[in-house]
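A structural walkthrough
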Amino acid sequence: MKTKISIDGNKFLINGKLTYSELENANPGSIGLLWNMRLIQGIFDDLFGLDNIKKLCGTDFDPEKNTDDLIAALPEWYAYGIRAITVGLQGGWPVTQAMVDQFNCNPFGEDGLHLDKGFASRLDRLIRAADEIGMIIIVNILYWAQANRLKNGTAVRNAVKTACHFLRDNKYTNVLIDVANEFNIRQFKHPMIGTEDGIAALVDLAKEESGGILTGSSPGSHTLVDQVVGVSDFVLIHLNGATRTTAYQMLKNPSYVGKPVVCNEANPCCTRVDVCLDLYASFGYYNNYTKQLLPSDWRILPGEDLFFARRVARAVGIPVEPLANDDKFVLQGLGQSEGFGFGRHVVRVACEYPEEVSQVTFYRNGEKLDISYDEPFFLNTETNWLAKSETPSQGDVYKAEIKLRCGETITREVVYGK
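First, a word on what this report is: a plain description of the structure on this page. As the structure is a computational prediction, the values presented were derived from the model and not from experiment. (Residues numbered from 1 in each chain as written. Predicted model: local features only at pLDDT ≥ 70, side-chain atom pairs only at ≥ 80, totals over all residues. Heavy atoms only, no water.)

Here the focus is the nonpolar core. One finds Trp35, Ile85, Leu142, Leu167, Ile193 and Phe308 to be the most contacted residues of the largest nonpolar core, which totals 109 residues. If you tally residues by element for this core, the top one is helix α5 (residues 153-169), at eight residues. (Core = buried A, V, L, I, M, F, W, Y, C linked by side-chain atoms within 4.5 Å. Buried < 20%, exposed > 50% of the residue type's maximum accessible area, 1.4 Å probe, protein only. Helix = DSSP H or I, 4+ residues; strand = E, 2+ residues; numbered from the N terminus.)

Written as structure tokens, this is what we have:
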């Protein structure tokens, strides 16, 4: 292996050097951080069969191509400063597309004693490809709906050991472990996962069975479990739904002192990069609509993806050319490739500098639909990572009036189907 992750106090090192210290004009505030992304479906498959995915999601899906496409996208993200991605052995929830328990992406069997060969092969391919370019893979082992397919607490322990033995025996050095995703808010039926004592014991088990791979476990949105922080090598947090102020208040928590803090799931709100930078924590971009629905498009897409990537680049000290004014605002979600689940679309406005925007007013065929005041400026906002979808008809005209705090108004318009 070429890439080795380690920790010194509250800082990450890759191959013995603090992260980003290799950059010629590195921002001192980012040195030792681990800017990252949640790409949880990177090795996804449905053991019920691909026909089930098509029935639920209205799309074809090829698990091998899915992983290969992710591998192909890694160098572009690396060039902008992303140094880690989170992928899930049990996948994640393609929210608004289908219910997660309608799939079977539990590769451990009900007894937890084996790792499906396809999942193992794809994870190995991904870890080795990341290793070649100096990236880290955060491997999430347990996800609630699929963990519930394990028959009892012994099977849960077996699954953790099976995953850790795979990582240990392949001698990966560019891996971190996230034992269970959102262990304290999801509907885990096994107390071993859903309780503080249980998850702390599983973190200890993972550290032992993996041969010392750095390990933590992620609680639910802007929550903290001191007992789990205490046994973890690094602190994992989620910031879904958090405002900038909520994120700031949470990251000030003194329990974090002395350990690296990694948010590995948040929202497509790129201003949170600045909040994490202020408090020396690593931010993890989560975009349900470009990076978690099936099939995911792993490239840096125009709009939210690009603006986040550029924000990280500036945060770490990688120079980026200024965008033309017309390119700083994108009305997105209405492209044919952006539809999901039988023609549904989530419409939103992405801005390179969301803090400059006062409000966004949405129209369809001249009729006023909604106003959004907060990043990520969704039409029909539910929270800052989720919105109600539209099912547009051919020729529908969507318009967004973007009012800036300086008093200027920018207009963006998309004709659906053109």
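Bringing the packing of aromatic side chains into the picture now. Tallying each qualifying case throughout the model produces ten aromatic pairs. Each ring, one from Phe44 and one from Phe103, has its centre 5.6 Å from the other, and the planes form 85 degrees; the classification is edge-to-face. Highlighted residues: Phe44 in the loop between β4 (36-38) and α1 (50-57) and Phe103 in the loop between β5 (84-88) and α3 (117-133), separated in sequence by 59 residues. Classification of Phe44 by relative accessible area gives buried; the value is 1%. Consider the rings of Tyr285 and Phe308, whose centres lie 4.2 Å apart with planes at 10 degrees: the pair is stacked. Taken as a pair, Tyr285 in strand β11 (residues 284-285) and Phe308 in helix α12 (residues 304-316) lie far apart in primary sequence, 23 residues in all. Pair check on accessibility: Tyr285 and Phe308 agree, each one buried. Ring pairs connect the aromatic residues Phe44, Phe61 and Phe103, which therefore count as one cluster. (Phe/Tyr/Trp six-rings, centres within 6.5 Å; stacked < 30°, edge-to-face > 60°.)

Moving on to the side chain of Thr3. Here Thr3 lies in the segment before β1 (5-8). On the basis of relative accessibility, which here comes to 2%, the residue Thr3 falls in the buried class. Apart from the residues lying within four places of it in its own chain, the contact partners of Thr3 are Ile14, Asn15, Asp131, Gly134, Met135, Ile136, Thr173 and Asn174. (Contact = heavy atoms within 4.5 Å.)

Attention now goes to the pairing of strand β18 (residues 397-404). What you see with β18 is a clean split: Tyr398, Ala400, Ile402 and Leu404 sit on the buried side and Val397, Lys399, Glu401 and Lys403 on the side with no burial. Relative to β18, strand β14 (residues 357-364) runs antiparallel, the two being bridged by seven bridges. Across the sheet, the residue bridging to Arg364 is Tyr398, located in β18. In terms of strand pairing, β18 meets strand β19 (residues 409-415) through seven bridges, oriented antiparallel. Its bridge partner lying in β19, Val397 is registered against Val415. (Pairing = 2+ DSSP bridges.)

The next thing to look at is the side chain of Asp46. Locating Asp46 in the fold gives a position in the loop between β4 and α1. Despite being buried, Asp46 has no salt bridge partner; Arg149 is the closest side chain of opposite charge, sitting 6.8 Å away. Engagement of the side chain of Asp46 in a polar contact is seen with the backbone nitrogen of Asn104, the distance being 2.9 Å. The residues touching Asp46, leaving out its near neighbours within four places in the chain, are Asn52, Ile53, Phe103 and Asn104. (Lys, Arg positive; Asp, Glu negative; His and termini not counted. Salt bridge = Lys/Arg side-chain N within 4 Å of Asp/Glu carboxyl O. Polar contact = N/O pair within 3.5 Å; in protein donor to acceptor, adjacent residues only side chain to side chain.)

Evaluated as defined, the whole model comprises 21 salt bridges. For Arg128, the salt bridge goes to Asp124, with nearest N and O atoms at 2.8 Å. Of this pair, Arg128 and Asp124 both sit in helix α3, four residues apart, which is roughly one turn of the helix. Three or more residues are tied together by salt bridges with common partners; here these are Glu64, Asp68, Arg122 and Arg125.

This part is about unusual backbone geometry. For the bond running from Leu294 to Pro295, omega is -10 degrees, close enough to zero to count as cis. Within the element layout of this structure, Pro295 appears in the loop between α11 (288-291) and α12. Of note, Tyr20 is a non-glycine position whose phi angle comes to about 70 degrees, a positive value. Looking at the element boundaries, Tyr20 is found in the loop between β3 (17-18) and β4. Overall, the relative accessible area of 0% leaves Tyr20 in the buried class.

Turning to α1, a few remarks are in order. Counting along an α-helix, one turn takes 3.6 residues, and residues three or four places apart therefore face a common direction. Within the sequence span of α1, burial applies to Asn52, Ile53, Leu56 and Cys57. For α1, the buried positions fall inside an angular range of 105 degrees around the axis, keeping them on one side. In α1, the exposed residues that point more than 90 degrees away from the buried face are Asp51 and Lys55. Positioned one or two residues after α1, Gly58 has a phi angle of 70 degrees, which is positive. (Arc of directions from axis to C-beta.)

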